[in-house]
Amino acid sequence: MKISFQDIYPVAAAQPWMSVPFQGFSLDSRQVQAGQIFIALNSYSQADKTQQFAQAALDAGAIAVISETALGLTQNWVCPELRQWMGVWQNDYLSKQQNSKALPVLAVTGTNGKTTIARIVAELLVLSGQRCAVMGTTGNGILPELEASSHTTLDALHLQQLLFEYKAKGADFAAIEASSHGLEQGRLNGCDIQIAAYSNLSRDHLDYHGTFEAYAEAKARLFRFTSLKVAIINADDPHATVMLDAVSHNSAHPKVLTYSTRQAADYQVFAIQYSLSGVNFHLKTPHAEYQVQSPLLGHFNIENLVASLIMVEQTGVDLGQLIAHVPEVKGAPGRMQVIRHDERLFVIDYAHTPDALTQVLKTLKRHVNHRLWAIFGCGGDRDRGKRPLMTQSALALADQLVLTSDNPRHEQPAQIFADMKAGIDFSAHEMKEIHDRREAIKYAVKHAVAGDIVVIAGKGHENYQEIEGVRHWFDDVVEVQGALGCQPLDPNLIYTA
């Protein structure tokens, strides 16, 4: 059953229990206000309490409840596709309430690169004299004022609320990370997504999606938004065809632009030169050719930068002007974040999938003068199948390997470490197993020598470790600085090469 926003208020107004004006929607029974409609989503962890939450909302003054299944309450409408509709309703309600539209959105999806691309997009827009909000893993807000985010893609009600707030504060655009969970659950529905980019796809979140095909299909939903004007696709990724197929079936017929570092594309990169200070490359576009000097390390950051440049160019900014600003770009915290000390590089990165770790190590292999270290762990209560794959990725490229803890959550660390080592012969490799992440970092700082690059992977921007359901403060950047004996710096700042 599909319920449009226009249906809700007239129907509610005719009910005998309707006593106050409609005041919007709420997802939290503890914060519901009189006149609001409570949206009762089936809880994955507390499914038996949905009716209890709904009744509490009604007792607090909610005028009605909309739920995915019948709850046996008088003031209850049932909408099985509730998750797909609530963002649309919220957008419609706020548009009418504020007599305004929400911010135009530039969205990016893919396994890796979302955070960096969204951040670079925002930086380039700011450098071009505009204001841009960022919404994603490393925080939400109008750059540079960001607040911590609970999810990569927020729930639909909260996301819409923030888009309207950011517009009221003067933002011109919002750069948003579109996660597979968020797309499948309809959290971005209702957004005015005008420009969308796809970075890449590799194994991740199969504990949620079940199959790789379902994971890819969730990503492809971004390119079916009928508000879409431009779709930007990484032609080098093997799964680009899935996204292109989604675009081809979009009734809005958005423009398609491709980018590549290996083959002919609308935006083609060639003549790449790597150094410890960044990369230089040539960029051939449909209209001109440019030389780009980037401070960001890594081949994948070339792809991330090019995707960002195209996205911002499509908002109407001159590409030559944008490229002139590239040396000022800093990127996202916890993404190839570099600390230099005594001719050693310590690189903090969020890589937490086999492919992401492979890409980080492969990229830095081009720069290392002596040994390449890999320090990483695997998260508890997540896809166990990728754990030995992470270790194999590290063994294939790193000279020194340190297995340590990530976020064990509710899982026993011993099981996580057993999975990371399952079926692997370490006899020909330098490997240490240090369960305490702080001690693992101290070990690397003590034993790394000039010319070494130490990659500390998995947590990136996170400033906590989750152990038995409790988040304990922990920041890899600060831990490295402490082990080096440096003055601790603000972990919210960005340190890139």
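Overview of the structure. Everything numeric here is computed off the predicted structure, so don't read it as measured data.

Residues Leu163, Leu188, Ile193 and Phe223 are the most contacted members of the largest nonpolar core, which totals 53 residues. Here this core takes seven residues from helix 5 (residues 156-168), the largest share from any one element. When sequence neighbours within four positions are dropped, the list of residues in contact with Leu188 reads Thr153, Leu159, Ile176, Ala178, Gly182, Leu183, Ile193 and Phe225. Among the nonpolar cores identified, the runner-up in size contains 41 residues, and Phe173, Ile195, Val292 and Ile323 belong to it.

Another aspect to go through is empty space enclosed by the protein. Per the stated rule, a full pass over the model turns up three cavities of 30 Å³ or more. Taken as a whole, the second largest cavity spans an internal volume of roughly 40 Å³. Around the second largest cavity, the lining residues are Cys378, Thr404, Ser405, Asp406, Pro408, Pro413, Ile416 and Phe417. In terms of residue class, the lining of the second largest cavity is built from five nonpolar, two polar and one charged.

Let us now look at the environment of Gln314. Relative to the helices and strands, Gln314 is located in the loop between helix 10 (299-313) and helix 11 (319-325). Residues in contact with Gln314, not counting those within four places in the same chain, are Ile195, Val230, Lys255, Leu257 and Tyr267. A polar contact is formed between the side chain of Gln314 and the side chain of Lys255, at a distance of 2.9 Å.

Put simply, helix 12 (residues 354-365) and helix 13 (residues 387-397) touch, their axes get as near as 8 Å, and they point 10 degrees apart. Between helix 12 and helix 13, the angle falls in the class roughly parallel. From helix 12, Pro354, Leu357, Thr358, Leu361, Lys362 and Lys365 reach across to helix 13, where they touch Leu389, Met390, Ser393, Ala394 and Leu397. In terms of residue class, the contact of helix 12 with helix 13 is built from seven nonpolar, two polar and two charged.

Right, let's talk about the sheet that holds strand 2 (residues 37-40) for a bit. The strand order across the open sheet formed by four strands is 1-2-3-4, and the pairing between neighbours is parallel. Whereas interior strands pair on both sides, the edge strands pair on one side only; in this sheet they are strand 1 (25-26) and strand 4 (76-78). Looking at chain direction, strand 2 and strand 3 (residues 64-67) are connected through four bridges and run parallel. When the sheet's bridge partners are listed, Phe38 is paired in strand 3 with Val65.

Moving on to unusual backbone geometry. At the junction of Leu143 and Pro144, the peptide bond is cis and its omega measures out at 10 degrees in the coordinates. Counting through the fold element by element, Pro144 comes out in the loop between strand 7 (139-142) and strand 8 (145-147). With phi around 50 degrees, His253 is a residue other than glycine that occupies positive phi space. By relative accessible area, His253 is classed as exposed at 66%. Phi at Asp381 takes a positive value of approximately 60 degrees, unusual for a residue other than glycine. Inspection of the secondary structure puts Asp381 in the loop between strand 18 (372-376) and helix 13.

What counts and how
- Residues numbered from 1 in each chain as written.
- Predicted model: local features only at pLDDT ≥ 70, side-chain atom pairs only at ≥ 80, totals over all residues.
- Heavy atoms only, no water.
- Core = buried A, V, L, I, M, F, W, Y, C linked by side-chain atoms within 4.5 Å.
- Buried < 20%, exposed > 50% of the residue type's maximum accessible area, 1.4 Å probe, protein only.
- Helix = DSSP H or I, 4+ residues; strand = E, 2+ residues; numbered from the N terminus.
- Contact = heavy atoms within 4.5 Å.
- 1 Å grid on protein atoms, 1.4 Å probe; cavity = no way out; pocket = protein on both sides within 12 Å on 5 of 7 lines; lining within 4 Å.
- Points joined across faces, edges and corners; volume = space filled by probe spheres on them.
- Nonpolar A, V, L, I, M, F, W, Y, C, P; charged D, E, K, R; others polar.
- Polar contact = N/O pair within 3.5 Å; in protein donor to acceptor, adjacent residues only side chain to side chain.
- Axes fitted to C-alpha atoms, helices over the stretch in contact; angles between N-to-C directions.
- Parallel < 35°, antiparallel > 145°, perpendicular 65-115°, else oblique.
- Pairing = 2+ DSSP bridges.

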